[in-house]
Amino acid sequence: MTDVFEEVEEELRSERLKRLARTWLPVVGGILLVALIAALAWWGWQSYQTSRAGTASVAYQRGLEAIENGDSAGAESAFTEAAESGNGAYKSMALQHRAGIAVAANRIPDAVELLDQAAKADGDPILADPARLKAAMLVMDTGTLEEIETRLEPLTAENRPLRPFAQEALGLARLQHGKPAEAREVFVLLTLGQDVPDSVRQRAQAAIGMIDSNTSAGLAALVAAQSVTPPAAPQPTAPAQEQTSQ
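Just so you know, these numbers come straight off a predicted model, no measurement behind them.

**Describing the overall build of the chain**
Across its full length, the chain holds 10 helices and zero strands. Going from the N terminus to the C terminus, the chain shows its helices and strands as α-α-α-α-α-α-α-α-α-α. Burial statistics for the chain: of 246 residues in total, 36% are counted as buried. Taking all contacts inside the chain whose residues are at least 6 apart in sequence as the whole, residues at least 24 apart take part in 55%.

Set out below in structure tokens:
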């Protein structure tokens, strides 16, 4: 009799397992399939980004070589390709080089537009702030003080990489637009700052002397010097190490 009960219980367990299998195996299979598809999609995306970075790297290097050889047209073409195929870092750097070519050709509005695009291409201030500062310097003679301040003031915040240069540019803009007292305050802060480069500190002292002597004869020279002083943004790293956050 015991054997019969055990046989019936075994049959019931078997039937229960079959029913559970019919219910849950499709669900588990679906989950595994989705996981597999997601993994393959991620791998494909990573491969695509790596391929794009490699293409941008080659084009970017070709642009640098063209600049060294004085081939502006070739450089423009190469940097355009790098900007279109690369991620944020390559796009920002390539657009900044294109802006430099535009400045050399005296196409200032085009250069400003390219620099604005470069600033938006990558969220890292180390790459974006040089573009923002260059654009502000290019509109120094033609833009309103309000426009220039709007461009520069965010760059003067704590921990921004080009803060001293942006402060100097802000002081020069205010001096140029007839606000010597406000400009002097900025230059005094620069002479007292601990992380201010010596070249910026010296120009700030010169600007203070110019303000105190009521002369603006040296303003053009100061603006020209400041416009070429900001350090260049770092070059993009190897493609495999780049961020793909675009």
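**What about the pattern of salt bridges?**
Under the defined criterion, the tally for this structure stands at 12 salt bridges. For Arg160, the salt bridge goes to Asp129, with nearest N and O atoms at 2.8 Å. In this pair, Arg160 sits in the loop between helix 6 (145-152) and helix 7 (163-176) while Asp129 sits in helix 5 (residues 125-138), placing the two residues 31 residues apart along the sequence. Exposure remark for Arg160: the relative accessible area of 23% places this residue in the partly exposed category. Residue class for Asp129 comes out buried when judged on its relative accessible area of 1%. Through salt bridges with shared partners, a single network forms among Asp116, Glu147 and Arg151.

**Re the side chain of Arg174**
In this structure, Arg174 sits in helix 7. Note on Arg174: relative accessible area 16%, which makes it buried. At 3.3 Å, the side chain of Arg174 forms a polar contact with the side chain of Glu153. Other than its neighbours up to four places away in sequence, Arg174 contacts Leu145, Glu149, Glu153, Lys179, Pro180, Glu182, Ala183 and Val186.

**Topic: the packing of aromatic side chains**
Per the stated rule, a full pass over the model turns up two aromatic pairs. Linked through ring pairs, Tyr60, Phe79 and Tyr90 together constitute an aromatic cluster.

**With respect to the environment of Ala82**
Residue placement: Ala82 occurs in helix 2 (residues 72-85). As for Ala82 and Ala94, which are separated by 12 residues in sequence, their C-alpha atoms are 6.3 Å apart. The contacts of Ala82, once residues within four sequence positions are left out, are Ala56, Ala59, Tyr60, Tyr90 and Ala94.

**Brief notes about the confidence of the model for the chain**
Per-residue confidence for the chain gives a mean pLDDT of 78; residues scoring 70 or more make up 66%. By mean pLDDT, the top-scoring element of the chain is helix 6 (96), and the lowest-scoring one is helix 10 (residues 219-228) (55). Below a pLDDT of 50 lies the segment residues 40-49, which in the model reaches two contacts outside its immediate sequence neighbourhood of four places, other chains included. Within the model, the stretch residues 237-246 combines pLDDT values under 50 with 18 contacts to residues more than four positions away or in other chains.

**Some remarks on the packing of helix 7 against helix 8 (residues 180-192)**
Where helix 7 meets helix 8, the closest approach of the two axes is 7 Å, and the angle between their N-to-C directions is 160 degrees. When the interaxial angle is binned, helix 7 and helix 8 end up roughly antiparallel. Here helix 7 runs over helix 8; the crossing is left-handed. Of the residues in helix 8, those in contact with Pro164, Gln167, Glu168, Gly171, Leu172, Arg174 and Leu175 of helix 7 are Pro180, Glu182, Ala183, Val186, Phe187 and Leu190. Considered class by class, the residues forming the contact of helix 7 with helix 8 number eight nonpolar, two polar and three charged.

**Considering the environment of Leu145**
Tracing the backbone shows Leu145 in helix 6. Separated by 32 residues in sequence, Leu145 and His177 have C-alpha atoms that sit 6.6 Å apart. Not counting residues within four places of it along the chain, the set of residues in contact with Leu145 comprises Ala173, Arg174, His177 and Lys179.

Conventions used here
Counting restarts for each chain, with residues numbered from 1 along the sequence as it is written. Where totals are concerned, whole chains, interfaces and linings use all residues; where local detail is concerned, this predicted model gives features only for residues with pLDDT of at least 70, and gives and counts side-chain atom pairs only at 80 or more. Computation of side-chain values: all heavy atoms of the structure, hydrogens and water removed. Helix and strand definitions here come from DSSP, where helices need a minimum of 4 consecutive H or I residues and strands a minimum of 2 consecutive E residues; each element is numbered from the N-terminal end. Categorising residues by exposure relies on relative accessible area from a 1.4 Å probe, with only protein chains included: less than 20% of the type maximum marks a residue as buried, more than 50% marks it as exposed, and the intermediate range marks it as partly exposed. Contacts are assigned to residue pairs that have any heavy atoms within 4.5 Å of one another. Counted as salt bridges are all cases of a side-chain nitrogen of Lys or Arg within 4 Å of a carboxyl oxygen of Asp or Glu. In protein, a polar contact requires one atom able to donate a hydrogen and another able to accept it; more generally it is a pair of N or O atoms within 3.5 Å, and residues adjacent in sequence count only if both atoms are side-chain atoms. Side-chain rings of Phe, Tyr and Trp (the six-membered ring for Trp) are treated as a pair once their centres are within 6.5 Å; stacked means planes under 30 degrees apart, edge-to-face means over 60, and tilted covers the remaining angles. Per-residue confidence from the predictor is reported as pLDDT, which spans 0 to 100. Angles run from 0 to 180 degrees between N-to-C directions of axes, and those axes are lines fitted to C-alpha atoms, restricted for helices to the stretch in contact. Note that the term roughly parallel is reserved for angles under 35 degrees, roughly antiparallel for angles over 145, roughly perpendicular for angles of 65 to 115, and oblique for everything else. Left-handed describes a crossing in which the near helix is turned anticlockwise from the far one by less than a right angle; the clockwise case is right-handed. Side-chain classes are defined by residue name, with Ala, Val, Leu, Ile, Met, Phe, Trp, Tyr, Cys and Pro counting as nonpolar, Asp, Glu, Lys and Arg as charged, and the others, Gly among them, as polar.

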